[in-house]
Amino acid sequence: MTRTRKGELVLRYVLLLAVLALTVGPFLWQLSTSLKGPTEDIYSSPPSFFPRHPTLHNYERVSDTIPVWDYAFNSLKVATANVVTNCVGSALAGYALARLRYRGRRAATLAFVLAMLVPVEGIIIAQFTTMRELGLNNTLVGVVLPGCIGAMNVLLMRNAFLNLPYEIEEAAYVDGANVWQRFLRIALPSVKGTVAVVAIFAFMGAWDDFLWPLIVLSDPSKFTLTIGLNYLHGTFANDERLVAAGTVIAVAPLIALFAGLQRYFFRGVGEGAVKG
């Protein structure tokens, strides 16, 4: 039994290391490439992860080639708006689906479940037509609006609110608390972890989105970072160092966000677990 358990433990660590290499390895390679100078061979065999003479010159070249910080600021505005609208809207909708009693609640929940099954590519033309009719084409508001409340985020909040004991709210109701007071003072503080999960998902979805901003935006001054970095691939396709530096710039805010909210994230995964 002891040998079997040791073998299982070794197998688990081997699998974890393999998954780690597959997920973190490409980012480390991009980081290494972005720090290599023009005289270093990035296609050497065997590959070298550590630059012989690390330099930040590639990052300076990115900012000289494209207005990367303007693009990043546009992405930050879109992502921040997406986080706020998703956290507020998903919390309100999730609480209504989980704690309030009204006719059609099950149908409303089913509608959110079905919304998750619809591929984005299938409705993107309808979204573009809607933005055009509203006069929001080529605006950052038009980028934010279709994703301001995600169906998955609503269901995460619903499941988190369902896990709260009803006795707490019943006691508050007996004390005279109305529905808004019960939501703001009792329910919402109890699901802060799930709110952090929603915030991370919303930020990542808005920051990494490429297809929708590419369709709705035409003014280069309003481009988000993902579209702006595409110029590096088109104009400097042979300079992988420049592309790698742009990729690291795009990924760094996501790493910082997750590092700041990771303790809430893992707690929120348990709060919003699917309930049978």
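Attention here is on the structure that accompanies the text. (Residues numbered from 1 in each chain as written. Predicted model: local features only at pLDDT ≥ 70, side-chain atom pairs only at ≥ 80, totals over all residues. Heavy atoms only, no water.)

**Looking at the overall build of the chain**
Here is the rule we go by: A run of H or I in DSSP counts as a helix once it spans at least four residues, and a run of E counts as a strand once it spans at least two, with each numbered from the N terminus. Exposure classes here rest on a 1.4 Å probe applied to the protein chains alone. A residue is buried below 20% of its type maximum, exposed above 50%, and partly exposed in between. Any two residues whose heavy atoms approach within 4.5 Å at even a single point are treated as in contact. In this count, Lys and Arg are taken as positive residues and Asp and Glu as negative ones, while His and the chain termini are left out. A charge is said to be at NZ when it belongs to Lys, at CZ for Arg, at CG for Asp and at CD for Glu.
Helix and strand content of the chain: 13 helices and zero strands. Listed N to C, the secondary structure of the chain is α-α-α-α-α-α-α-α-α-α-α-α-α in terms of helices and strands. Looking at the chain residue by residue over its 276 residues, the buried ones come to 36%. Long-range contacts, defined here as pairs at least 24 residues apart, represent 75% of the contacts in the chain between residues at least 6 apart. Of the charged side chains in the chain, 23 are positive and 18 negative; the average position of the first set lies 12 Å away from that of the second.

**Here's the deal with the packing of aromatic side chains**
To be explicit about the condition: Ring pairs shown here join Phe, Tyr and Trp side chains whose ring centres sit within 6.5 Å, with only the six-membered ring taken for Trp; geometry is labelled stacked below 30 degrees between planes, edge-to-face above 60, and tilted in between.
Following the criterion strictly, the structure yields six aromatic pairs and no others. Measuring from centroid to centroid gives 6.2 Å for Phe-161 and Phe-183, while their planes differ by 50 degrees, and the two rings are tilted. Placement of Phe-161 in helix α7 (residues 151-162) and of Phe-183 in helix α9 (residues 179-190) is noted, with a sequence separation of 22 residues between them. The interplanar angle of 10 degrees and the centroid separation of 5.6 Å between the aromatic rings of Phe-203 and Trp-207 together place this pair among those described as stacked. Of this pair, Phe-203 and Trp-207 both sit in helix α10 (residues 192-208), separated by four residues, roughly a single helical turn. Of the two residues examined, Phe-203 and Trp-207, each falls in the buried class.

**A short note on the environment of Tyr-71**
With respect to the helices and strands, Tyr-71 occurs in helix α3 (residues 68-99). Of the residues examined, Tyr-71 reaches a relative accessible area of 5% and is grouped as buried. For the pair Tyr-71 and Ser-90, spaced 19 residues apart in sequence, the C-alpha to C-alpha distance is 28 Å. Setting aside residues no more than four positions away along its own chain, Tyr-71 makes contact with Ile-66, Pro-220, Phe-223, Thr-224, Leu-225, Gly-228 and Tyr-231.

**Section: the environment of Thr-80**
Along the chain, the position of Thr-80 falls in helix α3. Considered as a pair, Thr-80 and Val-144 are 64 residues apart in the sequence and their alpha carbons are 9.6 Å apart.

**As for the side chain of Asn-74**
Position of Asn-74 relative to the elements: it lies in helix α3. With residues up to four places along the chain from it excluded, the contact list for Asn-74 reads Leu-140, Ser-221, Lys-222, Phe-223 and Thr-224.

**Describing the nonpolar core**
Selection rule: Among the buried residues, those of types Ala, Val, Leu, Ile, Met, Phe, Trp, Tyr and Cys that are joined through side-chain atoms within 4.5 Å form a nonpolar core.
Val-62, Ile-66, Phe-161, Trp-207, Leu-217, Leu-225 and Leu-232 are the most contacted members of the largest nonpolar core, which totals 48 residues. In contact with Val-62, not counting residues within four places along its chain, are Val-68, Leu-232, Leu-242, Ala-245, Gly-246 and Ile-249.

**So, α10**
We count it as follows: Residue count minus one, scaled by 1.5 Å, sets the expected span of a helix.
Here α10 spans 24 Å end to end across 17 residues, near enough to the 24 Å set by a 1.5 Å rise per residue. Regarding α10, the residues found buried are Gly-193, Thr-194, Ala-196, Val-197, Val-198, Ala-199, Ile-200, Ala-202, Phe-203, Ala-206 and Trp-207.

**Here's the deal with the pattern of salt bridges**
Using the following cut-off: Within this document, salt bridges are pairs made up of a side-chain nitrogen of Lys or Arg and a carboxyl oxygen of Asp or Glu, the two lying within 4 Å of each other.
Inspection of every chain in the model, using the stated rule, returns two salt bridges. The residue Glu-169 makes a salt bridge to Arg-99 at a minimum N-O spacing of 2.6 Å. With Glu-169 in helix α8 (residues 166-174) and Arg-99 in helix α3, the pair connects residues that are 70 residues apart, well separated along the chain. Across this residue pair, the class does not change: Glu-169 and Arg-99 are buried. The residue Arg-182 makes a salt bridge to Glu-169 at a minimum N-O spacing of 3.4 Å. With Arg-182 in helix α9 and Glu-169 in helix α8, the pair connects residues that are 13 residues apart, well separated along the chain. Overall, Glu-169 belongs to the buried group, its relative accessible area being 10%.

**Some remarks on a nonpolar patch on the surface**
Note the threshold: A residue counts toward a patch only above 30% relative accessible area and without a salt bridge, and it is joined to like-charged neighbours within 9 Å or, for Val, Leu, Ile, Met, Phe, Trp and Tyr, to nonpolar neighbours within 5 Å. To measure how exposed things are, a 1.4 Å probe is used in the Shrake-Rupley method; for residues, cover is taken only from the protein chains shown.
Where nonpolar side chains cluster on the molecular surface, the patch consists of Leu-17, Leu-20, Val-24, Leu-28, Phe-49 and Phe-50 and spans about 600 Å² of accessible area. Take Phe-50: it is sitting in the loop between α1 (2-34) and α2 (57-65).

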